[in-house]
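# Topology and contacts: notes
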Amino acid sequence: MQDPQVSSNQPVQIVKTGSPHDDSRAPEAGIALSLSGGGYRAMLFHIGSLWRLNELGYLPKLKRISSVSGGSITAGLLGLKWGRLVFDGGIASNFDREVVAPIRALGAVTIDRASIIAGILTPGSIAGKVTDAYRKHLFDAATLQDLPDAPRFVINATSVQTGALFRFSKPYIADYHVGRILKPTIELAVAVAASSAFPPVLSPLEIDFPPGSWTASGREDLHTEPYLSHAVLCDGGVYDNLGLETTWKRYDTILVSNGGGKMGPEQAPHTDWARHALRVNELIDNQVRSLRARQVIDSFKSGLRQGAYWGIRTDITDYRLADALPCPLPQTTVLAETKTRLKELPDITQERLINWGYAVCDAGMRAHPLHGVAGLPRPQFPYPGSAVG
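Below you will find a few notes about this structure. Computed from a predicted structure; not experimentally measured.

Parameters and conventions
Residues numbered from 1 in each chain as written. Predicted model: local features only at pLDDT ≥ 70, side-chain atom pairs only at ≥ 80, totals over all residues. Heavy atoms only, no water. Helix = DSSP H or I, 4+ residues; strand = E, 2+ residues; numbered from the N terminus. Buried < 20%, exposed > 50% of the residue type's maximum accessible area, 1.4 Å probe, protein only. Areas by Shrake-Rupley, 256 points an atom, 1.4 Å probe, with all protein chains shown as cover. Core = buried A, V, L, I, M, F, W, Y, C linked by side-chain atoms within 4.5 Å. Contact = heavy atoms within 4.5 Å. Axes fitted to C-alpha atoms, helices over the stretch in contact; angles between N-to-C directions. Parallel < 35°, antiparallel > 145°, perpendicular 65-115°, else oblique. Left-handed = near helix turned anticlockwise from the far one by under 90°. Nonpolar A, V, L, I, M, F, W, Y, C, P; charged D, E, K, R; others polar. Polar contact = N/O pair within 3.5 Å; in protein donor to acceptor, adjacent residues only side chain to side chain. Patch = residues over 30% accessible without salt bridge, like charges linked within 9 Å, V, L, I, M, F, W, Y side chains within 5 Å. Salt bridge = Lys/Arg side-chain N within 4 Å of Asp/Glu carboxyl O. Phe/Tyr/Trp six-rings, centres within 6.5 Å; stacked < 30°, edge-to-face > 60°. Lys NZ or Arg CZ within 6 Å of the ring centre and 35° of its normal. Pairing = 2+ DSSP bridges.

### Digging into the overall build of the chain
In terms of regular secondary structure, the chain is built from twelve helices and twelve strands. Scored against the burial criterion, the 389 residues of the chain give a buried share of 56%. Total accessible area on the chain stands at roughly 16300 Å², and carbon and sulfur atoms take up 54% of it.

Written out as structure tokens, the structure is:
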């Protein structure tokens, strides 16, 4: 038995999968937030974005928060702590203590290397060891049922078996090929570990389901064994690194925080089959991510969706704000090149990543009048002494 064990135009095409659960052609009114993958780098960048969204009074306005990989670490904790946030005028006064502090504490701990070593030398999988670390440092024994009813938190993994998105949420787990598990009691640590099971080292995460777990609508083509009893999952970013699908297909206003990485050039790429294959796969992945981001932005420009996009590689001057926070591109590029790992980061790097997420989210939101925050004065960095470099 595997561990962990549990009882109309081009932009639309980027999320069209045939899922019966949502319809991108008829989105409903509402604001949704997508948090990308990117290890601890994205985890901290998103904390800065959420910090600014909180100050702008946007957290209670969100209908859905969809996440993958490093973004799921941040989203998972925000969901777990949601009921403890004290909102006054739409702003959580204790956001720093309840959400920022635990994420920063995790950011000071390396969990990928220890999990890999333990997974090789001791019983259990590497993904199971990552789950143990999330359980220890963030989630304890909390389950998906400890998430709030609203906003809806959707933690996304990728099914290696069906090739589809595997969605964890409080109302249900879903793979549209297989069906749904209603009111799942899977641990939050397991869902986040599945979402961040980056291949090839940290994946797969495997889950066994007891008989009768899955329900079907009659439209599923794989509502059969072994899919009903066993799931083989990897990082949600393999399917959708922006965490975009479950927001785009449901709501008309989309906010996207992208802390994802980008491949660098290689003067002399390896020619042996193993390393050459890894490099080629990296090229494919990089192009898919870049195309998806461009199509999101083009969709905002064309009016297909409302919303805002900001990324860790964004040039803040592109927003044409005279009073944007000072974030020189050479300094933010250094932050964007932080390795995609679950590896401890120094306090100064953590603070700069948070500051950068905060600043570029602020610029993205204030640059668009539709968000109702245009014209607000420039804020201060959360950590003024650290800036972004």
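### With respect to the nonpolar core
Most often, soluble globular proteins keep nonpolar side chains buried together rather than apart. Leu53, Tyr134, Phe168, Leu255, Trp310, Trp356 and Met365 are the most contacted members of the largest nonpolar core, which has 89 residues in total. With nine residues, the single largest contributor to this core is helix α12 (residues 347–366). Excluding residues within four positions of it along the chain, Met365 makes contact with Leu53, Leu56, Tyr58, Leu255, Ala308, Trp310, His371 and Val373. Leu242, Tyr251, Ala293 and Tyr309 belong to the second largest nonpolar core, which has eleven residues in total.

### Details of the packing of helix α2 (residues 39–55) against helix α3 (residues 70–81)
Their axes nearest at 6 Å, the elements α2 and α3 cross at an angle of 45°. The angle between the axes of α2 and α3 places the two elements in the oblique class. Our pair here, α2 against α3, has a crossing hand that is right-handed. Residues Gly39, Met43, His46, Ile47 and Leu50 of α2 form the contact with α3, whose participating residues are Gly70, Gly71, Ile73, Thr74 and Leu78. The class makeup of the residues in the contact of α2 with α3 is five nonpolar, five polar and no charged.

### Thoughts on the environment of Ser159
With respect to the secondary-structure elements, Ser159 resides in strand β5 (residues 152–159). Separated by 47 residues in sequence, Ser159 and Glu206 have C-alpha atoms that sit 9.9 Å apart. When residues no more than four places from it in sequence are discounted, the contact partners of Ser159 are Ala164, Phe166, Asp175, Val232 and Leu233. Only 3.0 Å separates the side chain of Ser159 from the backbone nitrogen of Thr162, close enough to count as a polar contact.

### Regarding the packing of α2 against α12
Direction vectors running N to C along α2 and α12 enclose 45°, while the axes themselves pass 7 Å from each other. Judged by the inter-axis angle, α2 sits oblique to α12. Handedness of the crossing formed by α2 with α12: right-handed. In this structure, α2 uses Arg41, Leu44, Phe45, Ile47, Gly48, Ser49, Trp51, Arg52, Leu53 and Glu55 to contact α12, whose residues at the interface are Gln350, Leu353, Ile354, Trp356, Gly357, Tyr358, Val360, Cys361, Asp362, Met365 and Arg366. Along the lines of polarity and charge, the residues of the contact of α2 with α12 split into twelve nonpolar, four polar and five charged.

### Description of helix α7 (residues 188–195)
Within α7, eight of the eight residues are buried, which leaves the element mostly enclosed by the surrounding structure. Taken together, the buried positions of α7 are Leu188, Ala189, Val190, Ala191, Val192, Ala193, Ala194 and Ser195.

### Quick notes on a nonpolar patch on the surface
Together, Ile117, Ile120 and Leu121 make up an exposed nonpolar region whose accessible area comes to about 340 Å². In this structure, Ile117 sits in helix α5 (residues 112–121).

### As for the pattern of salt bridges
Counted by the stated rule, this structure contains 15 salt bridges. One salt bridge connects Asp362 with Arg52, and the closest N-O pair in it is separated by 2.9 Å. With Asp362 in helix α12 and Arg52 in helix α2, this residue pair connects regions lying 310 residues apart in the sequence. Residue classification places Asp362 among the buried residues on the basis of a relative accessible area of 0%. The exposure class assigned to Arg52 is buried, which follows from its relative accessible area of 6%. Where Glu98 meets Arg97, a salt bridge forms, and the shortest distance between an N and an O atom there is 3.7 Å. Classification of Arg97 by relative accessible area gives exposed; the value is 56%. Look at the salt bridges and you will find they share partners, linking Arg52, Glu55, Asp323, Asp362 and Arg366 into a network.

### Side note on the packing of aromatic side chains
One pass over the structure, following the stated rule, counts eight aromatic pairs. Relative to Trp214, the ring of Phe166 lies with its centre 6.1 Å away and its plane at 80°, an arrangement referred to as edge-to-face. Of this pair, Phe166 sits in strand β6 (residues 165–168) while Trp214 sits in the loop between β9 (205–208) and β10 (230–235), and the two are 48 residues apart along the sequence. Assigned by exposure class, Phe166 and Trp214 land together as buried. An aromatic cluster of at least three residues, connected via ring pairs, comprises Phe166, Phe168, Phe209 and Trp214. Here the basic side chain of Arg104 rests over the ring of Tyr383, its NZ or CZ set 5.1 Å away from the ring centre. Directly above the ring of Tyr172 sits Arg180, whose terminal nitrogen or CZ lies 4.0 Å from the centroid.

### Re the pairing of strand β7 (residues 172–175)
Of the two faces of β7, the one holding Tyr172 and Ala174 and the one holding Ile173 and Asp175 are both buried throughout. Bridge analysis of β6 against β7 gives two bridges, and the strand direction is antiparallel. If you follow Arg167 over to β7, its bridge partner there is Ala174. Sheet topology places β7 next to strand β8 (residues 179–182); four bridges connect them, and they run antiparallel. Residue pairing in the sheet places Asp175 in a bridge with Gly179 of β8. Following β7, the chain reverses through three residues before pairing antiparallel with β8.

Keep in mind these values describe shape, not function.
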